[in-house]
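# Structure at a glance
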Amino acid sequence: MAETLTLFTSIGLSEQKAKETLKNESLSSALRGAISQAQSIMGPNLDKATGTLLYSMTSRLKDVRHLTFLTEYIGHRKITTDLQLSAALEFLKNHPNDLIVQPEFDAACGVGVVVTPEQIEESVEAVVKKYENQLLKERYHFNMGLLMGEARAGLKWADGKSIKNEVDMQVLHLLGSKTEADLEKKPKGKHGNSLTRGDCDGLCCAFLVIFLFCSLGENYKTEGYVVTPNTMDLLNKHLEITGGQVRTRFPPEPNGILHIGHAKAINFNFGYAKANDGICFLRYDDTNPEKEEEKYFTGIRDMVEWLGYKPYKVTYASDNFQELYDLAVELIRRGHAYVCHQRVEELKGHNPPPSPWRDRPVEESLILFERMRKGMFSEAEVTLRMKMVMEDGKQDPVAYRIKYTPHHRTGDTWCIYPTYDYTHCLCDSIENITHSLCTKEFQARRSSYYWLCNALDVYCPVQWEYGRLNLTYTVVSKRKIIKLVEMGAVRDWDDPRLFTLTALRRRGFPPEAINNFCARVGVTVAQTTIEPHLLEACVRDVLNDTAPRAMAVLEPLKVTITNLPQDAQVMEKGYKRLTPDQPVGLRHAGYVISLQKSIKDNSGKVVELEVTCTKTDSAEKPKAFIHWVSQPLKCEVRLYENLFKHSYPEDSQVVPEGFLSDINHDSLQVIENALVDYSVSGAKVFDKFQFERVGYFSLDPDSTKEKLVFNRTVTLKEDPGKI
């Protein structure tokens, strides 16, 4: 181990990178072989550039049969740049089962091609001449990447830095040094950077379309994909079944409620399929009967449909229990799995001891696995493990474990249940999924995903990972939300202070706003952490266009007009201050009122005002107008703030005593005797309104015929303190 570590660092790998490489047995073996071969050609001391190419090759090469061939090209300096290496790997992906025709390969990889400085100068000069007028007009605000791209298009194998230096020099010669105007940011368009609802809908599709997935049926071109002798036949059969149609799936575990992060996954999976005229399955990953409840199945589907998506088909991992079992038996027969007696506690940690049963005879494992199925072992006594190493170094992940808990769909038929690592890729294969889209933490499982499909010679979809969506000032972990409920910090999973989808619906967030928010955030490989006010801005955009207006007074004060004419027309409402010396107008009513008398209770609190009124056309124009209600309904109003004091309540550096110590006890304010205009009396649960000058509100399920309850969805304007 120490010798190999020294070998890897000698070619330029950092010690940390070398240690990570050692955890991956197949990569480590391939790299050792490539270094040994290169040393036999170039001598014992390899330079860092060669070492970098060797590492890049071995970590990206999908078919190890070509390892010797590519190493020879690197060793003889026929491939000297990453650009050439990428072209070589692409060529091999496109010819997985073909004999390599060397002249074709050399031409595809730029072997022997030399690009002179004069050629670079001439190419850049032609491009700058082409865009000269636009450059003179826009100067340094012009997109210089366009020049780089076009210059490079004609000089495929030229050094990128040399092209950039030439572009910079010729642009400087044409435009001169940058002025103060050049250093200013490029002015925004007519509408600035704001997005309409239509913009967001289109943007969502745009994000999904621009991802550079492989073409259908060309899975073997994907990074990390392993090609076997049967790969092309399996892909062709897959295309016959699907007709070349895109197929995705949203595969939640039915053991909790969906949250805002799931909204991104739903939008991506359903949106990508829709943008490509494909279909998307809703598949429940129901392989753990101990934690699954019917309410979660129902709640998940409700939320998917609430966001506006209709699954092509609703499926369950349990639909495939028999086929998954049969495949596990086949995996044992092929020598890729074994029954293990190590306890769960022995398997925990990053480097558990190797299993002493890893090399037990195939027939023995087959017999023991059948006994597992028949219930002849206790829980945690035995497991079925796969013979493979995951990308994070975890060795031999569990494929099946024993659970004597009845399953909600299959009852007592099974007492062994497959794990995620075993089930996920095989269910994707069975359903002929084309794109397995999952969050970044599953990248460590990509190699096991491909390994298992190939080990069983079944169709292998493409796995692609994207960054999770997280919000500050909240927690979304099922375990942590349960703690919040148990201690009474929130009422339930749908408490409007949480960011579960049921909570957001109850608070009044429109599904269009959540979808638009996901579109604005976009889909990237990097994890995204967003402030809640950005989501709230999307909510305002939608509600401003759709929520009907009404008048409400949260802290009402009775005002009696002592001289109101009999034929006065009562219209609408408003908001501002009324003082003994300051008349105010009644918003939209056509009257100005002046204070005559304040009536107080025994404690000295003002409980009623007596005023006189004058028509606005005969009174001096007031300095302010107030909102008001006449013959109103009494209602309860709930105002919400952030549930936690700090933006990262789970960060032990910021909140050392844990997230439960960070709860904002002022996150809910209940106003029991607010008044609202009678026009809302027919509202239904989740109906939304803009209470003028107050905020956006939604009718809560706690409402009764006797008393309506409104949740404040968002304020009318963003609180500057939240930015």
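Residues numbered from 1 in each chain as written. Predicted model: local features only at pLDDT ≥ 70, side-chain atom pairs only at ≥ 80, totals over all residues. Heavy atoms only, no water.

The name recorded for the protein chain in an unreviewed UniProt entry is glutamine--tRNA ligase, from Scleropages formosus. Regarding the protein chain, the UniProt comment filed under Catalytic activity (unreviewed entry) reads as follows: "tRNA(Gln) + L-glutamine + ATP = L-glutaminyl-tRNA(Gln) + AMP + diphosphate". (UniProt positions renumbered as here; feature names shortened; annotations may be inferred.)

The subject of this paragraph is the overall build of the protein chain. A tally of helices and strands in the protein chain yields 25 helices and 23 strands. Sequence-distant contacts in the protein chain: of pairs separated by 6 or more residues, those separated by 24 or more amount to 70%. When the accessible surface of the protein chain is split by element, carbon and sulfur atoms take 50% of a total near 36200 Å². (Helix = DSSP H or I, 4+ residues; strand = E, 2+ residues; numbered from the N terminus. Contact = heavy atoms within 4.5 Å. Areas by Shrake-Rupley, 256 points an atom, 1.4 Å probe, with all protein chains shown as cover.)

Let us now look at the nonpolar core. Of all hydrophobic cores here, the largest spans 46 residues; its most connected members are Phe 369, Leu 384, Tyr 400, Ile 416, Tyr 422 and Leu 426. In terms of residue count, the dominant contributor to this core is helix H17 (residues 321–333) (8 residues). (Core = buried A, V, L, I, M, F, W, Y, C linked by side-chain atoms within 4.5 Å. Buried < 20%, exposed > 50% of the residue type's maximum accessible area, 1.4 Å probe, protein only.)

Side chains of Glu 118, Glu 121, Glu 122 and Glu 125 sit close together on the surface and give a patch of like negative charge. You can see Glu 118 is positioned in helix H8 (residues 117–130). (Patch = residues over 30% accessible without salt bridge, like charges linked within 9 Å, V, L, I, M, F, W, Y side chains within 5 Å. Salt bridge = Lys/Arg side-chain N within 4 Å of Asp/Glu carboxyl O. Lys, Arg positive; Asp, Glu negative; His and termini not counted. Charge placed at Lys NZ, Arg CZ, Asp CG, Glu CD.)

A few words now on the environment of Asn 255. If you trace the backbone, Asn 255 turns up in the loop between strand S1 (247–250) and helix H15 (260–275). On a C-alpha basis, the gap between Asn 255 and Glu 294 in space is 9.0 Å, while along the polypeptide they are 39 residues apart. Contacts of Asn 255, omitting those with residues within four sequence positions, involve Lys 291, Tyr 296 and Lys 478.

Now for the pairing of strand S9 (residues 462–466). Along S9, 5 of the 5 residues are buried, which leaves the element largely enclosed by surrounding structure. Alternating positions in S9 separate into two faces, Val 462, Trp 464 and Tyr 466 on one and Gln 463 and Glu 465 on the other, with burial throughout. Strand direction decides the pairing type here: strand S8 (residues 435–439) and S9, joined by 5 bridges, are parallel. Across the sheet, the residue bridging to Cys 438 is Glu 465, located in S9. Taken together, S8, helix H21 (residues 446–455) and S9 form a β-α-β motif whose crossover is right-handed. (Pairing = 2+ DSSP bridges. Right-handed = clockwise from strand over helix to strand, strands pointing away.)

Our next topic: the packing of aromatic side chains. Considering all chains together, one arrives at 27 aromatic pairs under this definition. Between Trp 464 and Tyr 466 the ring centres are 6.4 Å apart and the planes differ by 20°, which places this aromatic pair in the stacked class. The pair formed by Trp 464 and Tyr 466 is uniform in burial state, with each residue classed as buried. Of the aromatic side chains, those joined through ring pairs into one cluster are Phe 321, Tyr 325, Phe 369, Tyr 400, Trp 414, Tyr 417 and Tyr 422. The ring of Tyr 325 carries the charged tip of Arg 373 above its face, separated from the ring centre by 4.5 Å. Between the NZ or CZ atom of Arg 409 and the centre of the ring of Tyr 316, over which it lies, the distance is 3.9 Å. (Phe/Tyr/Trp six-rings, centres within 6.5 Å; stacked < 30°, edge-to-face > 60°. Lys NZ or Arg CZ within 6 Å of the ring centre and 35° of its normal.)

Right, let's talk about the sheet that holds strand S3 (residues 313–316) for a bit. The strands that make up a sheet are held in pairs by hydrogen bonds between backbone atoms, and each pair lies either parallel or antiparallel. The sheet built from 3 strands is open, its strands ordered S1-S2-S3 with parallel pairing. Because the sheet does not close on itself, it has two edges, and the strands there are S1 and S3. This sheet shows a mean twist of 35° between the axes of neighbouring strands, independent of strand direction. As paired elements, S1 and strand S2 (residues 279–284) share 4 bridges and run parallel to each other. Counted as the bridge partner of Phe 250 is Leu 282 from S2. Each of S1 and S2 is contacted by H15, which is oriented at about 160° to S1, the strand it contacts most. (Axes fitted to C-alpha atoms, helices over the stretch in contact; angles between N-to-C directions.)

It is worth spelling out the packing of helix H1 (residues 2–10) against helix H2 (residues 15–23) at this point. Running from amino to carboxyl end, H1 crosses H2 at an angle of 130°, the nearest separation of the two axes being 9 Å. The angle between H1 and H2 places the two elements in the oblique class. The interaxial crossing formed by H1 with H2 has right-handed handedness. Facing H1, whose interface residues are Thr 4, Leu 5, Phe 8 and Thr 9, H2 presents Glu 15, Ala 18, Lys 19, Thr 21 and Leu 22. Of the residues belonging to the contact of H1 with H2, the class tally is 4 nonpolar, 3 polar and 2 charged. (Parallel < 35°, antiparallel > 145°, perpendicular 65-115°, else oblique. Left-handed = near helix turned anticlockwise from the far one by under 90°. Nonpolar A, V, L, I, M, F, W, Y, C, P; charged D, E, K, R; others polar.)

Before going further, it helps to examine helix H5 (residues 67–75). Taken as a whole, H5 has its buried residues at Leu 67, Leu 70, Thr 71, Tyr 73, Ile 74 and Gly 75. Tucked into the core, H5 has its buried residues touching helix H3 (25–42), helix H4 (48–60), helix H6 (82–94) and helix H7 (102–109). Positive backbone phi, approximately 60°, marks Arg 77, located one or two places after H5.

Moving on: empty space enclosed by the protein. Overall, the coordinates contain 7 cavities of 30 Å³ or more when judged by the stated rule. In this structure, the largest cavity encloses a volume near 110 Å³. Around the largest cavity, the lining residues are Arg 60, Leu 61, Lys 62, Asp 63, His 66, Leu 89, Leu 92, Lys 93, Pro 96, Tyr 220 and Val 227. In terms of residues, the lining of the largest cavity owes the most to one element, H6, which gives 3 residues. Across the lining of the largest cavity, the residue classes tally to 6 nonpolar, 1 polar and 4 charged. (1 Å grid on protein atoms, 1.4 Å probe; cavity = no way out; pocket = protein on both sides within 12 Å on 5 of 7 lines; lining within 4 Å. Points joined across faces, edges and corners; volume = space filled by probe spheres on them.)

For side chains of opposite charge, pairing can occur when their charged atoms come near one another. Tallied over the entire structure, the rule returns 32 salt bridges. Taking the shortest distance from any N to any O, the salt bridge between Glu 330 and Arg 334 comes out at 2.9 Å. Residue classification places Arg 334 among the partly exposed positions, given a relative accessible area of 33%. One connected set of salt bridges, linked through shared partners, spans Arg 491, Asp 494, Arg 506, Glu 636, Arg 638, Asp 700 and Asp 702.

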